[in-house]
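The lines below spell out each chain.
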Amino acid sequence: MELSTNDQAKVRDYLLGRLTEEEQEKIEERLIVEDKLFEELEISKGELIEEYNADELPQKDREWFKDHYLASTEGRQRH
C-alpha cells in the first residue's frame, strides 16, 4: 500500500516536533507495524539532514531539529 501525501507530511511533522502528543503516539504505533511508513521515516530523516546542512530549514524547524534529533545518538551518527 502506498503512503498518502498526508502520511508523508505527518512523518515530517513528527520529526520536526509539530504533532500533538496524541498524534505522535498514533504515528509511533503505526511505525511499529507499517513497513512503508517506517521507510518513509528513514527517508525523511535523510532529507531533513540534507536540508539542515544546506541551511534550507526555517529557523524554528532548524533549531528544533538540532536540539532534538541531531542531539540524539542516532542523529549525531547520521549527521
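> Describe the overall build of the protein, and please don't skip the residues or the numbers.
Broken down by element type, the protein carries 5 helices and 0 strands. Along its sequence from the N terminus, the protein presents helices and strands in the succession α-α-α-α-α. In terms of overall size, the protein behaves like a compact globule, its C-alpha atoms giving a radius of gyration of 12 Å where 79 residues would be expected to give roughly 12 Å. With the C-alpha coordinates aligned to their principal axes, the bounding extent of the protein is approximately 35 × 25 × 20 Å.

> Account for helix 1 (residues 5-15), with residues named and values stated.
For helix 1, the complete set of buried residues consists of Asp7, Val11, Asp13, Tyr14 and Leu15. Of the residues trailing helix 1, Gly17 is marked for its positive phi of about 70°.

> Help me get a handle on the packing of helix 1 against helix 2 (residues 21-33), residues and values and all.
Their axes nearest at 11 Å, the elements helix 1 and helix 2 cross at an angle of 110°. In terms of orientation, helix 1 and helix 2 fall into the roughly perpendicular class. In this structure, helix 1 crosses over helix 2, and the sense of that crossing is left-handed. In this structure, helix 1 uses Asp7, Lys10 and Tyr14 to contact helix 2, whose residues at the interface are Glu23, Gln24, Ile27, Glu28, Arg30 and Leu31. Taken together, the residues of the contact of helix 1 with helix 2 break down into 3 nonpolar, 1 polar and 5 charged.

> Pulling in residues and values, what's your account of the packing of aromatic side chains?
If you walk through the whole model with that rule in mind, you get 1 aromatic pair. Taken together, a centroid distance of 6.2 Å and an interplanar angle of 50° make the contact between Tyr52 and Phe65 tilted. One end of the pair, Tyr52, is in helix 3 (residues 35-53); the other, Phe65, is in helix 4 (residues 59-68), and 13 residues separate them in sequence. With respect to class, Tyr52 is no different from Phe65; both count as buried. The ring centre of Tyr52 lies 3.9 Å from the NZ or CZ of Arg62, which sits over that ring.

> Could you give me a rundown of unusual backbone geometry, with the residues and numbers involved?
Within the chain, Asp55 stands out as a residue other than glycine whose phi angle is a positive 60°. Examined against the element boundaries, Asp55 turns out to sit in the loop between helix 3 and helix 4. Its relative accessible area of 51% is what places Asp55 among the exposed residues.

> Quick rundown of the pattern of salt bridges? Include the residues and the values.
Enumeration over the complete set of coordinates arrives at 9 salt bridges. Between Arg30 and Asp7 there is a salt bridge, with its nearest N and O atoms 3.0 Å apart. Of this pair, Arg30 sits in helix 2 while Asp7 sits in helix 1; the two residues are 23 residues apart in sequence, bridging distant segments of the chain. Among the ionic pairs, Glu42 bridges to Lys45, the shortest N-O distance being 3.1 Å. With Glu42 and Lys45 both in helix 3 and 3 residues apart, this pair spans about one turn of that helix. Looking at Glu42, the relative accessible area reads 26%, which means it is partly exposed.

Thresholds, definitions, all that
- Residues numbered from 1 in each chain as written.
- Predicted model: local features only at pLDDT ≥ 70, side-chain atom pairs only at ≥ 80, totals over all residues.
- Heavy atoms only, no water.
- Helix = DSSP H or I, 4+ residues; strand = E, 2+ residues; numbered from the N terminus.
- Rg over C-alpha atoms; globule rule 2.2 N^0.38 Å.
- Buried < 20%, exposed > 50% of the residue type's maximum accessible area, 1.4 Å probe, protein only.
- Axes fitted to C-alpha atoms, helices over the stretch in contact; angles between N-to-C directions.
- Parallel < 35°, antiparallel > 145°, perpendicular 65-115°, else oblique.
- Left-handed = near helix turned anticlockwise from the far one by under 90°.
- Contact = heavy atoms within 4.5 Å.
- Nonpolar A, V, L, I, M, F, W, Y, C, P; charged D, E, K, R; others polar.
- Phe/Tyr/Trp six-rings, centres within 6.5 Å; stacked < 30°, edge-to-face > 60°.
- Lys NZ or Arg CZ within 6 Å of the ring centre and 35° of its normal.
- Salt bridge = Lys/Arg side-chain N within 4 Å of Asp/Glu carboxyl O.

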